[in-house]
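# Structural characterization, general
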Amino acid sequence: MKKLFICSFLVFVGTLQVCASSLNSPGNVFIRQKAGDLKSFQQAFLGQKDRLKANGFSAYSLHQDLNDPKIFILTLKCSDLDRGVSFVRSPEFMSAMDKAGARIPMVWYGLDTDERKYTNQPKMSGGIVIAINQVRDYDFWLKCFKSESHKHPNRKYENSNYSIHHLPGSPAVAIVVHEASDVSKAPSFMISDPMNGEMEATGVVGLEIWYGTNIEEGTF
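So, here is what we can say about the structure in this document.

### Looking at empty space enclosed by the protein
- According to the stated counting rule, one finds one cavity of 30 Å³ or more in the structure shown.
- Looking at the largest cavity, its volume works out to about 240 Å³.
- As for the largest cavity, its lining consists of 20 residues, and the residues nearest its centre are Phe-145, His-150, Met-195, Glu-198 and Met-199.
- When contributions to the lining of the largest cavity are tallied by element, the ones reaching two or more residues are β5 (127–135), α6 (138–147), β7 (172–180), α7 (186–190) and α8 (193–201).
- Partitioned by chemical class, the residues of the lining of the largest cavity number 12 nonpolar, five polar and three charged.

Here's what the structure looks like:
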């Protein structure tokens, strides 16, 4: 399967096909961004806590890229996806993150199909896998995905806490998030021949995956 590389601009352009009012519903925003170091990134992000809350965000999780310790992944739960995306793209939020030496972020987002669960966990083990799929028919893909047990014998790690997020379009976007007990085992499984065959059979035409080690999770 041809791998899909998506920058934040292309994701934004793709959503222009969606009626704005259809995004005024709960969803999640996913940000992948390079910065100077973990401490400064945490401080810059958490320094925006009140503004994030005022713009409809209620929870977050923070992760460090599996392969590059200076790249960080944020997941953010919001009550109004359109408003939330506008805020994380705003000069106000961007300039605050600049204090951490943050580079231009890659931003994914989707409306909740199965919402992501958050709790207050200042220290976490394990990791996270975030896969963005471009699919021919979202309803068909979703039916196929939910019919699977996802307990493949060759996975080599425990998978849990699945959530699904989507954007309508042609092709549609389906974002799948799950926790991994040992995220270092995830890349080889996610791009294995059986997984590629399964994705092709369910109408996936493009794929990109982020892998991160868990740092913390909390609510605002």
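Read on for the rest.
### A closer look at the nonpolar core
- In terms of nonpolar packing, the biggest core is built from 40 residues, with Val-29, Phe-57, Leu-76, Leu-81 and Ile-130 touching the most fellow members.
- The residues touching Val-29, leaving out its near neighbours within four places in the chain, are Phe-57, Leu-74, Thr-75, Leu-76, Cys-78, Leu-81, Val-85, Val-88, Val-107, Trp-108 and Tyr-109.
- Tyr-138, Trp-141, Tyr-157 and Tyr-211 belong to the second largest nonpolar core, which has 23 residues in total.

### A look at helix α2 (residues 38–46)
- Taken residue by residue, α2 has Ser-40, Phe-41, Gln-42, Ala-44 and Phe-45 as its buried positions.
- On its buried face, α2 is in contact with β1 (27–34), α3 (49–54), β2 (57–65), β3 (71–78), α5 (91–98) and β8 (204–219).
- For α2, the capping residue at the N-terminal end is Asp-37, with a side-chain oxygen 3.2 Å from the backbone nitrogen of Lys-39.

### Topic: the pairing of strand β4 (residues 106–114)
- Where burial is concerned, most of β4 is hidden: seven out of the nine residues are buried.
- With six bridges joining them, β1 and β4 adopt antiparallel strand pairing. The partner of Val-29 across the bridge, within β4, is Tyr-109.
- Pairing between β4 and strand β6 (residues 159–167): three bridges, direction antiparallel.

### Comments concerning the packing of aromatic side chains
- Under the counting rule described, the total for this entry stands at 10 aromatic pairs.
- Measuring from centroid to centroid gives 5.1 Å for Phe-45 and Tyr-60, while their planes differ by 65°, and the two rings are edge-to-face. Residue Phe-45 is located in helix α2, and its partner Tyr-60 is located in strand β2; the two are separated by 15 residues in the primary sequence.
- Of the residues examined, Phe-45 reaches a relative accessible area of 1% and is grouped as buried.

Rules used throughout
Residues numbered from 1 in each chain as written. Predicted model: local features only at pLDDT ≥ 70, side-chain atom pairs only at ≥ 80, totals over all residues. Heavy atoms only, no water. 1 Å grid on protein atoms, 1.4 Å probe; cavity = no way out; pocket = protein on both sides within 12 Å on 5 of 7 lines; lining within 4 Å. Points joined across faces, edges and corners; volume = space filled by probe spheres on them. Helix = DSSP H or I, 4+ residues; strand = E, 2+ residues; numbered from the N terminus. Nonpolar A, V, L, I, M, F, W, Y, C, P; charged D, E, K, R; others polar. Core = buried A, V, L, I, M, F, W, Y, C linked by side-chain atoms within 4.5 Å. Buried < 20%, exposed > 50% of the residue type's maximum accessible area, 1.4 Å probe, protein only. Contact = heavy atoms within 4.5 Å. Polar contact = N/O pair within 3.5 Å; in protein donor to acceptor, adjacent residues only side chain to side chain. Pairing = 2+ DSSP bridges. Phe/Tyr/Trp six-rings, centres within 6.5 Å; stacked < 30°, edge-to-face > 60°.

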